[in-house]
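Chain by chain, the residues run as shown.
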Amino acid sequence: MEPNSGPGNGSNPRRVSVVQLICRAYGLSDASEITMEHIDRYVAERRRAEERTHHLRDRFRPHIPRPRAAGDAA
């Protein structure tokens, strides 16, 4: 089987699987070394990272006032 085969590989040919990410994150040589603890830890870390990112996006998002409609009072 060819690497990166399947639907959706045209837009991002360097797609990395979750298994590869877990192996890289914890220094594992292959998927056979992944345990449920690795998976739970990885998921928890990703959730924390997403929460921080979401919080920062909200914090630094500029407030853009909505345009007034023709009938709005000043």
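Preceding this paragraph is the structure being described.
Described below are features of the structure shown in this document. In this text, all values refer to a predicted model and were calculated from it rather than measured experimentally.

### A word on the packing of helix H1 (residues 18–26) against helix H2 (residues 36–60)
Phase 1 of the analysis: Interhelical geometry of H1 versus H2 gives an angle of 95 degrees and a closest axis separation of 11 Å. Considering their axes alone, H1 and H2 lie roughly perpendicular with respect to each other. Residues Val-18, Leu-21, Ile-22 and Tyr-26 of H1 touch H2, and the partners they reach there are His-38, Ile-39, Arg-41, Tyr-42 and Glu-45.
Phase 2 of the analysis: Grouping the amino acids of the contact of H1 with H2 by side-chain chemistry returns 6 nonpolar, 1 polar and 2 charged.

### Re H2
Phase 1 of the analysis: Taking 1.5 Å of rise per residue, 25 residues should cover 36 Å, and H2 covers 36 Å from first to last C-alpha, within 8% of that figure.
Phase 2 of the analysis: Taken together, the buried positions of H2 are occupied by His-38, Tyr-42 and Ala-49.
Phase 3 of the analysis: Looking at the buried residues of H2, the elements they touch are H1.

### Digging into H1
Phase 1 of the analysis: Along H1, the residues that are buried comprise Ile-22, Cys-23 and Tyr-26. Each buried residue of H1 sits inside an arc of 100 degrees when the element is viewed along its axis, so together they form one side.
Phase 2 of the analysis: For H1, the elements touching its buried residues are H2.
Phase 3 of the analysis: One or two residues past the end of H1 sits Gly-27, with phi positive at roughly 65 degrees.

Criteria and cut-off values
The residue numbering used here restarts from 1 in each chain and proceeds along that chain's sequence as written. A pLDDT threshold of at least 70 governs which residues receive local features in this predicted model, and a stricter bar of 80 or more applies before side-chain atom pairs are shown or counted, although totals over entire chains, interfaces and linings include all residues. Hydrogens and waters are ignored; side-chain quantities use all the structure's heavy atoms. Geometry is summarised by axes, namely lines fitted to C-alpha atoms with helices restricted to the contacting stretch, and by angles between N-to-C directions that run from 0 to 180 degrees. A run of H or I in DSSP becomes a helix once it reaches four residues, and a run of E becomes a strand once it reaches two; helices and strands are each numbered from the N terminus. By the definition adopted for this analysis, an angle is roughly parallel if under 35 degrees, roughly antiparallel if over 145, roughly perpendicular if from 65 to 115, and oblique otherwise. Contacts between residues were defined by any pair of non-hydrogen atoms, one from each residue, lying within 4.5 Å. Gly is put with the polar residues, along with every residue not named as nonpolar or charged; the nonpolar set is Ala, Val, Leu, Ile, Met, Phe, Trp, Tyr, Cys and Pro, and the charged set is Asp, Glu, Lys and Arg. To estimate the expected span of a helix, count its residues, drop one, and scale the result by 1.5 Å. Working definition: with a 1.4 Å probe on protein chains only, accessible area under 20% of the residue-type maximum means buried, over 50% means exposed, and in between means partly exposed. The arc in question is formed by the directions pointing from the helix axis toward the C-beta atoms.

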